[in-house]
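# Tertiary structure, described
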Amino acid sequence: MAMDEGILTRSESSGWEEAEAVKGKETLQSDERRATDFVMGLDIGSATSKCVVLRLDGAIIGKAVVAGGVGTEGAEQAKSLALQDAGILSDAAPMRVAATGYGRHLATDADGRFSELSCHALGALRLFPEARTVIDIGGQDSKVLRVSERGTLESFAMNDKCAAGTGRFLEEIARALNIPVGEMAELAASSGKCLDISSTCVVFAESEVVSHLARGASRADVLGGIFRSIAARVGALAQRAGICPMVVMTGGVAMNAGVREALADELGMEISVSPLSQHAGALGAALRALAQT
Amino acid sequence: MSEKEIKGTIEEVFSYSARHPARLLEEYRAAGQKAVGILPYYAPEELVYAAGMAPLGLWGMEGSVRGAGRYFPAFYCAIARMNLEMALVGVLDGLSAVLAPSICDAMRPFTQNFKSARPDIPMIFLAQPQNRTEEFGVVYMTDELARVREELEAVAGTRITDDAIRDAIAVYNESRAERRRFVRLAASHPSVITPERRSDVLKSAWFMPKPRHTAVLKTLNDAIEALAPENWTGGKVVVSGILADSASLLSVFQDNRLAIVADDVANESRSFRSDMPLPEKDEAPLRILARGFAGQGADSLLHDPDLSRRARHLKGLVEESGAQGVVFVMMQFCDPEELDYPHLKQALDAVGIPNAQIGYDQQMRDFGQARTQLEAFSEMLADRGRRDCSAASSTGR
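Residues numbered from 1 in each chain as written. Chains lettered and ligands numbered in written order. Predicted model: local features only at pLDDT ≥ 70, side-chain atom pairs only at ≥ 80, totals over all residues. Heavy atoms only, no water.

## Thoughts on the overall build of chain B
Convention followed: A helix here means a DSSP run of H or I that spans at least four residues, while a strand means a run of E at least two residues long, and both kinds are numbered starting from the N terminus. With the radius of gyration taken over C-alpha atoms, the globule rule is written as 2.2 Å times the number of residues to the power 0.38. The contact criterion used is simple: two residues touch if any of their non-hydrogen atoms lie within 4.5 Å. Computed by Shrake-Rupley with a 1.4 Å probe, the accessible areas treat only the displayed protein chains as cover when residues are assessed.
Each helix and strand in chain B was counted, giving 14 helices and eight strands. Against the 2.2 N^0.38 benchmark of 21 Å for 397 residues, chain B shows a C-alpha radius of gyration of 21 Å, consistent with a compact globule. Counting only C-alpha atoms, chain B reaches 70 × 45 × 40 Å along its principal axes. Considering only contacts in chain B between residues 6 or more positions apart, those separated by 24 or more positions represent 74%. Per element, the accessible surface of chain B, about 15,900 Å² overall, is 51% carbon and sulfur.

Given below as structure tokens:
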């Protein structure tokens, strides 16, 4: 590991647990902390806001994700919760703040703003130093990033303006099926039949869902088809960017095991995730902030 | 001319013309000159000029498609749809005719819809040959140009003489040479000739009288040449695509300190990168125009048995201009460009030239995705620059 040697070592799906371990050893005393001995990364997305707090030695000491992205109070809430998670007084000022995500330019208190592509690349590499391909499916974008061993972007591909293959697509389908987004993967796990659903257009896909339901298909089978549809769309994007193992998934949709497994099948490759995958952009921003101290 | 005067000249002359072609059309008509719309691509503008008429490029416009939606599906070439919208809303009312080349598979069906939507504006169709380099292709194209010449004569109400065509070729070649010079000079002064100013200077050539455009551009080029060399610390890119003239899109390049140091854009360098050839002994001027078209290549619209030609051209542009990468501005929904992209990307990746693709449509209002992608590309180029510097210093270079 180039820039984070010894701070947080990788193990499959273990990034956050290790960070927790580091934090636990610290026994943070918020009133003893200087106001400037930490940095903050803020990822203001289209649907959620994420925040990661790093100690100056690079250890992750706080994190938060809240529903509410651009144009909401989500960013402020995420900052406040991440500080609370780190055991830092809410009025303490970080040494540097870096912002990323669709709403990065609205973060007026940020010292630096970076694209979510380079931040996800950096964050993913911190979680998985062997990562060479990062698939980030967020609220309104899906991106495939090729990263170097230093965490820098080598190339990338991003979806066009269509919402197919994005988190927004999942939300629409969840609404159509009347189930919470968080319960989709569990329900789809009981699917016994492979339904074919369009991967080209959200509107077409939604009407196909209604047609399948009208013909008596189960919601589980419909969801299985939806996950494969997203996987086909993102898989094509990945082919365009070029795929090189290890493949890591970040963004909110990484937490959906159904999409993850469908995508792994589509690519014919194992996909690694961390409990911190959704925070990868904020983590990358925090690392950018740290590099500027 | 000072830097301030350079910027002032661009604003007053070139930006004004680039942003207000309808006013120029009014001015031509007020002066008693007929105007002919020039559709993409590779139309023989020289014949329109030789007829004493004003050619006006038709590359769509920024706005919303309403009436044209009755004629085209949503996933169709943006330029075709917007050009028809312009015809339907009356923007093209002052034109005496429209010259329509056929080399683009999307623009060819457009001509049928245009005739149906605006039967009052004469449409002069030019069926260009894809097999253009063989002698039979040149002969066929020469015949087609003869027919176009006759139809233009009918619109102009005057004969187009061989001498007038020869003069027009000279005027246009001089314009092409001056625009090529501008592109080179712009690359070495990116903070003065910003992406938006660069685009305005080149785009205005589609609307202004060519001799005036060339004369003002020559003065401008001389002034830019006299400026002190610039130490540009931002990124340098080659832009490739059909159109890259949106002020909103170009401001994203500017905000991310990406200088456009060369281009492979259809309504920019592709239209002037080569001159009409010198005449062979006693050669008819129409044949010169036919050979000029035959000499075009490295273009998604033109059949080329050598698949690597455009990739070589792009790599050459990167090398000659000192660019660090290539940005493909992908017109939605341009099939020829989309189909060219995979092999171009493969060729650039193979030699380690960073590249990115951003989508563009003239109906686009939100450039958030383009901003994210260009910001990431700019960061990527900067990171590579630092890595290269670091590698150079560690090896003592």
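Having seen the structure, we can now continue with the description.
## What to know about the overall build of chain A
Note the cut-off: Remark: exposure states derive from per-residue accessible area (1.4 Å probe, protein chains only) relative to the maximum for the residue type, with buried under 20%, exposed over 50%, and partly exposed in between.
A tally of helices and strands in chain A yields nine helices and 10 strands. When the 293 residues of chain A are sorted by exposure, 57% land in the buried category. Look at the contacts in chain A between residues 6 or more apart in sequence, and 67% of them connect residues 24 or more apart.

## Concerning the sheet that holds strand S4 (residues 96-100) of chain A
Residues and elements named next belong to chain A. The condition is simple: Being paired, for any two strands, means DSSP has found at least two bridges between them. To obtain each axis, a line is fitted to C-alpha atoms, and for helices this fit is confined to the stretch in contact; angles are then taken between N-to-C directions over 0 to 180 degrees.
Taken in spatial order, the five strands of this open sheet run S3-S2-S1-S4-S5, and their pairing is mixed. Across the chains shown, the open sheet's two edge strands, defined by having one partner strand only, are strand S3 (60-67) and strand S5 (112-113). The sheet contact formed by strand S1 (residues 38-44) and S4 spans five bridges and is parallel. Residue pairing in the sheet places Gly41 in a bridge with Ala98 of S4. Of the strands in this sheet, S1, strand S2 (48-55) and S3 are in contact with helix H2 (residues 74-86), which crosses S3 at around 145°. Contacts from helix H9 (residues 280-291) reach S1, S2, S3 and S4 within the one sheet, and its direction differs from that of S1 by about 140°.

## Looking at empty space enclosed by the protein
All names here are of chain B. The condition is simple: Here a cavity is any set of points on a 1 Å grid over the protein atoms alone where a 1.4 Å probe fits but cannot get out, and a pocket is any open set with protein on both sides within 12 Å along at least 5 of 7 lines; a residue lines the site when it has an atom within 4 Å of a point. Grid points are joined across faces, edges and corners, and a volume is the space filled by probe spheres set on the points. Under the convention adopted here, Pro, Cys and the residues Ala, Val, Leu, Ile, Met, Phe, Trp and Tyr are nonpolar, Asp, Glu, Lys and Arg are charged, and Gly plus all remaining residues are polar.
In total, this model carries four cavities of 30 Å³ or more according to the counting rule given. Within this model, the largest cavity holds a volume of roughly 390 Å³. For the lining of the largest cavity, the secondary-structure elements that each account for two or more residues are helix H3 (45-50), helix H7 (162-188) and helix H11 (285-294). Counted by class, the lining of the largest cavity contains 16 nonpolar, three polar and seven charged residues.

## Examining the nonpolar core
To keep it simple, the criterion reads: Side-chain atoms within 4.5 Å link the members of a nonpolar core, which is a set of buried Ala, Val, Leu, Ile, Met, Phe, Trp, Tyr and Cys residues. Where each domain starts and ends comes from a domain assignment, either automatic or drawn from a database.
Ranked by internal contacts, the top residues of the largest apolar core, which has 150 residues, are B:Tyr41 and B:Phe253. Here the element with the most residues in this core is H9(A); it accounts for eight residues. Looking at which domains feed residues into this core, each of domain 1 (14-119 + 279-291) and domain 2 (129-273) of chain A gives three or more. Apart from the residues lying within four places of it in its own chain, the contact partners of B:Tyr41 are B:Trp59, B:Ile79, B:Pro101, B:Ile103, B:Cys104, B:Met107, B:Gln128, B:Ile242, B:Ala266 and B:Leu301. Counting residues in each nonpolar core, the second largest holds 38 residues, with A:Val144, A:Val209, A:Met249 and A:Ala262 among its members.

## A look at the packing of aromatic side chains
All names here are of chain B. Which entries qualify depends on this criterion: Only centres within 6.5 Å qualify two rings of Phe, Tyr or Trp (six-membered ring in Trp) as a pair; their planes then separate them into stacked at under 30 degrees, edge-to-face at over 60, and tilted for everything else.
On inspection of all chains with the given rule, the structure shows 10 aromatic pairs over all chains. Ring plane angle 15° and centroid distance 4.7 Å describe the contact between Phe72 and Tyr76, whose orientation is recorded as stacked. For the pair formed by Phe72 and Tyr76, the shared burial category is buried. Each ring, one from Tyr360 and one from Phe367, has its centre 6.4 Å from the other, and the planes form 25°; the classification is stacked. For the pair shown, Tyr360 and Phe367 are each scored as buried. These aromatic residues form a ring-pair network of at least three members: Phe72, Tyr76, Phe110 and Phe114.

## Brief notes about the sheet that holds strand S2 (residues 54-57) of chain B
Residue and element names in this part refer to chain B. Reading across the sheet, the four strands line up as S2-S1-S3-S4 and stay open at both edges, with parallel pairing between neighbours. The sheet is open, and its two borders are formed by S2 and strand S4 (123-126), each paired with just one other strand. On average, each strand axis in the sheet is tilted by 25° relative to the strand beside it, whichever way the strands run. Pairing between strand S1 (residues 35-38) and strand S3 (residues 97-101): three bridges, direction parallel. Following the sheet pairing, Val36 is matched in S3 by Ala97. Against the sheet, helix H5 (residues 107-117) makes contact with S3 and S4, and its axis sits at roughly 160° relative to S4, the strand it touches most. In the packing of helix H6 (residues 135-156) onto the sheet, the strands contacted are S3 and S4, and the crossing angle to S4 comes to about 170°.

## Thoughts on the confidence of the model for chain B
What counts, and what does not: You can read pLDDT as the predictor saying how much it trusts each residue, on a scale of 0 to 100.
Of all residues in chain B, 98% have pLDDT values of 70 or greater, and the mean over the chain is 95. Listed scores for the predicted complex are pTM 0.88 and ipTM 0.81.

## Here's the deal with the interface of chain B and chain A
Selection rule: Defined here as a combined quantity, buried area equals the accessible surface (1.4 Å probe) lost by two parts on assembly, summed across both. Salt bridges are defined as contacts in which a side-chain nitrogen from Lys or Arg sits within 4 Å of a carboxyl oxygen from Asp or Glu. Contacts described as polar in this section are N or O atom pairs within 3.5 Å, which, within protein, must combine one atom able to donate a hydrogen with one able to accept it, while residues neighboring in sequence count only if both atoms come from side chains.
Chain B puts 22 residues into the contact, and the matching count from chain A is 23 residues. Here chain B and chain A share an interface that buries about 2,000 Å² over both sides, 48% of which is from carbon and sulfur atoms. For the interface between chain B and chain A, the tally reads three salt bridges. Between A:Arg288 and B:Asp383 there is a salt bridge, and its shortest N-O distance comes to 3.4 Å. Applying the counting rule to chain B against chain A returns 10 residue pairs in polar contact (both at pLDDT 80 or more). Secondary-structure elements contributing two or more residues to the side of chain B that touches chain A are helix H13 (335-350), strand S8 (355-360) and helix H14 (368-394) of chain B. Broken down by element, the side of chain B that touches chain A gets its largest block of residues, 14 residues, from H14(B).

## Let's talk about the pattern of salt bridges
All names here are of chain B. Applying the stated criterion to the full structure yields 50 salt bridges over all chains. One salt bridge connects Asp222 with Arg181, and the closest N-O pair in it is separated by 2.6 Å. In this pair, Asp222 is assigned in helix H9 (residues 210-226) and Arg181 in helix H7, connecting sequence segments 41 residues apart. The exposure class of Asp222 is partly exposed, given its relative accessible area of 35%. Assessed through its relative accessible area of 15%, Arg181 is described here as buried. Arg181 is paired through a salt bridge with Glu225; the nearest N and O atoms lie 2.8 Å apart.

## Things to note about the environment of B:Thr158
All names here are of chain B. Turning to its location among the elements, Thr158 is positioned in the loop between H6 and H7. Sequence-wise, Thr158 and Lys4 are 154 residues apart; in three dimensions their C-alpha atoms are separated by 44 Å. Residues contacting Thr158, with those up to four places away along its chain left out, are Ala51 and Glu153.

## A few points about helix H6 (residues 202-214) of chain A
Residue pairs three or four apart in sequence face the same way in an α-helix, which turns once every 3.6 residues. All names here are of chain A. Going by this rule: Given the number of residues in a helix, its expected span is that number minus one, multiplied by 1.5 Å. It is the directions from the helix axis to the C-beta atoms whose arc is reported.
Under the 1.5 Å per step criterion, the end-to-end length of H6 is 18 Å for 13 residues, consistent within 8% with the ideal 18 Å. Among all positions in H6, only Val202, Ala205, Glu206, Val209 and His212 are buried. The arc that holds the buried residues of H6, viewed along the axis, is 120°, so those residues lie on one side. Those residues of H6 that are exposed and aimed more than 90 degrees away from the buried face are Val203, Phe204, Val210 and Ala214. Residues of H6 that are buried sit in contact with helix H4 (167-177) and helix H7 (219-241). One or two residues past the end of H6 sits Gly216, with phi positive at roughly 95°.

## Focus on the packing of H4(A) against H7(A)
Residue and element names in this part refer to chain A. Keep this limit in mind: With respect to orientation, any angle under 35 degrees is reported as roughly parallel, any angle over 145 as roughly antiparallel, any angle of 65 to 115 as roughly perpendicular, and every other angle as oblique. We call a crossing left-handed when the near helix sits turned anticlockwise from the far one by less than a right angle, and right-handed when that turn is clockwise.
With their axes 11 Å apart at the nearest point, H4 and H7 run at an angle of 165° to one another. With respect to H7, the element H4 is oriented roughly antiparallel. By crossing handedness, the relation of H4 to H7 is classed as right-handed. Between H4 and H7, the contacting residues are Phe169, Leu170, Ile173 and Leu177 on the first element and Arg219, Val222, Leu223, Ile226, Phe227, Ser229 and Ile230 on the second. For the contact of H4 with H7, the residue count by class is nine nonpolar, one polar and one charged.

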